[in-house]
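The lines below spell out each chain.
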Amino acid sequence: MKSLCRALLCVTLCGLAGASFGQDVRLPERTRVVLDNGVTLVLAEKHEVPLIGVEAVLEGGAITDPGSQAGLSALLAGLLEKGAGTRDAAAFAEAVAAVGGTLSAGADLEAITVSGEFMSRDADLMVELLADMLQRPALAEDEFDKLKNRAAEFIRAAKDSNLGALVPLYGRALLFGQHAYGRPVSGSEASLAAIRHADVQRHYEAQLGADRLVIAVAGDFDTAAMQAKLTDAFAGWRAAAQPLHEVPPPAPLTGRRVLLVDKPGATQTYFWLGNVGVAVTYPQRAELDIANTVFGGRFTSILNNALRIESGLTYGAFSSLSRHAAPGSLAIYSFTETASTMAAVDMALDLLGAFRTSGIDAAQVTSAKNYILGQFAPRLETAAQLAGAFAELEQYGLGTDYIDGYGPAVAAAEAASINAVIAEVYPVPADLAIVLLGDAEKMRDAAAGYGPVVEMPITEPRFKAPAAEPAVAGQRSK
């Protein structure tokens with residue numbers, strides 16, 4: 001999930017509000033219609049301001065990319081913006097900008113999403129542009145070449161100056177292996193090089209269609225009129241040529257896997273420690289969100305306090321939860337000077353072990369509740385935010401209580417139930433995928449203490465090591 005997961009999980013440093021405020025969040029009434037060809041429409045009127053938000057979700061995304069062509073869905077999503085209908089890329093962008101609207105497409109693991117916001121007076125144009133993007137994209141070869149080259153260049157640039165952005169890609173590749181969740185959504189240098197223009201055209205026909213489409217619209221419009229517009233625009237679209245296969249749940253890792261990514265001369269080491277977590281349907285997500293907030297989800301978390309504030313080993317340490325239709329990853333990530341790599345990793349492992357054993361206390365629970373609920377309501381205020389929430393609820397088959405009941409569930413959570421969730425979901429330190437990205441020469445021997453090491457140079461054009469050794473029990477006492 002994308003915007004909805006950010007609404008429920010993201011924690012920032014601003015805007016604390018009273019807990020009771022977050023408990024009162026309720027989605028507006030909506031109308032749900034399924035067209036004969038499978039398109040699902042979700043329409044919610046919100047007349048406070050003359051704006052309309054739209055979110056179109058096409059189930060599939062990066063999980064449908066062939067294993068050797070990771071990044072194919074991301075390139076296709078990017079091309080949807082680069083001309084459609086009778087408009088080339090420049091004319092399409094101008095049509096959106098001329099009315100002060102926004103319309104963009106992107107891919108994640110399980111969907112291609114088109115998000116937009118327009119003045120209510122421009123509703124006809126919004127529907128026209130959306131219909132053209134999805135049903136009549138130009139998929140121009142020159143624009144494909146630009147997007148593909150740019151995606152590869154971003155990866156090469158990150159290997160020089162933004163290693164932190166790459167560590168999760170190595171981490172998920174190591175953890176999930178051949179499972180679809182291990183593929184980099186934006187691709188790798190190797191997979192992008194293998195994609196041709198004809199592959200994108202075939203992927204469009206195979207993976208995009210009415211049977212995969214949810215369109216959610218929220219804002220200042222009349223429901224009957226908007227339903228008629230969208231029905232006229234989309235009722236004739238074909239189904240995707242290929243069926244969408246269910247992704248099996250990935251197996252949790254038992255033992256340790258260690259990947260050492262060598263960047264000679266690096267002065268810092270970036271590290272990622274993770275295992276398989278839970279799916280978006282996990283029933284006790286309120287308790288899990290509280291746990292993650294306390295452990296590594298905010299500036300005053302256990303991880304950041306120990307690794308940054310008390311020890312000065314890093315400028316930041318965090319934990320993250322990725323929840324999808326099947327269980328995603330639960331990870332710890334940070335960076336430190338090369339000389340203090342093992343001290344920082346050992347501390348993170350100690351903190352994980354203590355967190356599982358000791359859990360959290362009542363004061364930490366209260367603080368986390370206020371923090372989460374203070375962030376919750378502001379992320380579901382605008383028409384665009386509401387459209388995104390409705391679309392993702394539909395995508396994952398979740399009822400409105402997923403949002404309406406979230407605030408009360410957070411408020412009602414108690415330390416005992418939260419600690420039970422911690423023990424159930426958070427991995428033991430001996431069962432982890434461990435990625436160390438830095439100067440291998442200076443930490444190779446110490447890294448071997450965590451378990452069998454697979455080493456690869458950062459110049460390798462893939463995020464997965466060419467050969468991976470089976471997981472075994474970790475050798476260090478941490």
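Procedures and definitions
- Residues numbered from 1 in each chain as written.
- Predicted model: local features only at pLDDT ≥ 70, side-chain atom pairs only at ≥ 80, totals over all residues.
- Heavy atoms only, no water.
- Helix = DSSP H or I, 4+ residues; strand = E, 2+ residues; numbered from the N terminus.
- Buried < 20%, exposed > 50% of the residue type's maximum accessible area, 1.4 Å probe, protein only.
- Contact = heavy atoms within 4.5 Å.
- Areas by Shrake-Rupley, 256 points an atom, 1.4 Å probe, with all protein chains shown as cover.
- Lys, Arg positive; Asp, Glu negative; His and termini not counted.
- Charge placed at Lys NZ, Arg CZ, Asp CG, Glu CD.
- Phe/Tyr/Trp six-rings, centres within 6.5 Å; stacked < 30°, edge-to-face > 60°.
- Lys NZ or Arg CZ within 6 Å of the ring centre and 35° of its normal.
- 1 Å grid on protein atoms, 1.4 Å probe; cavity = no way out; pocket = protein on both sides within 12 Å on 5 of 7 lines; lining within 4 Å.
- Points joined across faces, edges and corners; volume = space filled by probe spheres on them.
- Nonpolar A, V, L, I, M, F, W, Y, C, P; charged D, E, K, R; others polar.
- Axes fitted to C-alpha atoms, helices over the stretch in contact; angles between N-to-C directions.
- Parallel < 35°, antiparallel > 145°, perpendicular 65-115°, else oblique.
- Left-handed = near helix turned anticlockwise from the far one by under 90°.
- Polar contact = N/O pair within 3.5 Å; in protein donor to acceptor, adjacent residues only side chain to side chain.
- Pairing = 2+ DSSP bridges.
- Expected span 1.5 Å × (residues − 1).
- Arc of directions from axis to C-beta.

Asker: How would you summarise the overall build of the chain if you had to cite specific residues and measurements?
Answerer: Regarding its fold elements, the chain presents 19 helices and 12 strands. Buried positions account for 55% of the 478 residues belonging to the chain. For the chain, long-range pairs separated by at least 24 residues make up 83% of all intrachain contacts whose partners lie at least 6 apart in sequence. As displayed, the chain has an accessible area near 18,800 Å², and 52% of this comes from carbon and sulfur atoms. Counting 38 positive and 54 negative side-chain charges, the chain places the centres of these two groups 4 Å from one another.

Asker: So what's going on with the packing of aromatic side chains? Residues and values would help.
Answerer: Counted according to the given criterion, the structure contains 9 aromatic pairs. When the centroid spacing of 5.1 Å and the interplanar angle of 80° are considered together, the rings of Tyr170 and Phe463 count as edge-to-face. In this pair, Tyr170 sits in helix α7 (residues 163–176) while Phe463 sits in the segment after β12 (453–457), placing the two residues 293 residues apart along the sequence. Judged by centre distance (5.9 Å) and plane angle (90°), the ring pair of Phe176 and Tyr181 falls under edge-to-face. The exposure classification of Phe176 matches that of Tyr181, with both residues buried. One aromatic cluster is present, formed by Tyr270, Tyr315 and Phe335 through successive ring pairs. In this structure, Arg285 is placed above the aromatic ring of Tyr402, and the distance from its NZ or CZ to the ring centre is 3.5 Å. When the ring centre of Tyr371 is taken as reference, the NZ or CZ atom of Arg298 above it lies at 5.2 Å.

Asker: Quick rundown of the layout of surface pockets? Include the residues and the values.
Answerer: When its volume is computed, the second largest pocket comes out at roughly 400 Å³. What lines the second largest pocket is a set of 17 residues, and nearest its centre among them are Gly67, Ser68, Arg183, Arg462 and Lys464. Per-class residue counts for the lining of the second largest pocket are 6 nonpolar, 8 polar and 3 charged.

Asker: Now, about the packing of helix α3 (residues 72–80) against helix α6 (residues 141–161): what can you tell me, with residues and values included?
Answerer: Put simply, α3 and α6 touch, their axes get as near as 10 Å, and they point 130° apart. It follows that α3 is oblique to α6 by the angle criterion. Regarding α3 and α6, the two cross each other, and that crossing is right-handed. Contacts from Leu75, Gly78 and Leu79 of α3 reach α6 at Glu143, Phe144, Leu147 and Lys148. Among the residues making up the contact of α3 with α6, the classes are represented as 4 nonpolar, 1 polar and 2 charged.

Asker: Give me the lowdown on the side chain of Asp65, citing residues and values where you can.
Answerer: Tracing the backbone shows Asp65 in the loop between β3 (51–59) and α3. Within the local environment of Asp65, its side chain forms a polar contact with the backbone nitrogen of Leu72, the two atoms lying 3.4 Å apart. Of the polar contacts made by the side chain of Asp65, one reaches the side chain of Ser73; its length is 2.7 Å. Contacts of Asp65, omitting those with residues within four sequence positions, involve Ala70, Gly71, Leu72, Ser73, Arg183 and His203.

Asker: Please provide a residue-by-residue account of the sheet that holds strand β11 (residues 432–438), values included.
Answerer: One open sheet accounts for 6 strands, arranged β9-β10-β8-β11-β7-β12; its pairing is mixed. Only two strands of the sheet have a single partner each, and these edge strands are β9 (317–323) and β12. Each neighbouring strand pair of the sheet contributes to a mean axis angle of 20°, computed without reference to strand direction. Where β9 lies against strand β10 (residues 327–337), 6 bridges are found, and the strand directions are antiparallel. Bridging from a neighbouring strand, Leu321 pairs with Leu330 of β10. The sheet strands contacting α7 are β7 (256–262), β8 (268–276), β10, β11 and β12, and the helix crosses β8 at an angle near 35°. Here helix α13 (residues 341–358) sits on the sheet and contacts β7, β8, β10 and β11; the angle it forms with β8, its principal contact strand, is near 25°.

Asker: Please give an account of helix α10 (residues 223–234) that cites residues and values.
Answerer: Helix length check: α10, at 12 residues, gives a terminal C-alpha distance of 16 Å against a target of 16 Å (1.5 Å per residue), a fit within 8%. Looking at α10, one finds that the buried residues are Thr223, Met226, Leu230 and Phe234. Down the axis, α10 shows its buried residues gathered within 70° of arc, on one side only. Away from its buried face, by an angle of more than 90 degrees, α10 presents the exposed residues Ala224 and Asp232. Where α10 is buried, its residues touch β1 (31–34), β2 (40–45), β3, α5 (123–135) and β6 (213–219). Two or three places before Ala224, at the start of α10, stands the capping residue Asp222, its side-chain oxygen 3.3 Å from that residue's backbone nitrogen.

Asker: So what's going on with the pairing of strand β4 (residues 102–107)? Residues and values would help.
Answerer: Pairing between β4 and strand β5 (residues 111–119): 6 bridges, direction antiparallel. Its bridge partner lying in β5, Thr102 is registered against Glu117. As consecutive antiparallel partners, β4 and β5 are separated by 3 residues.

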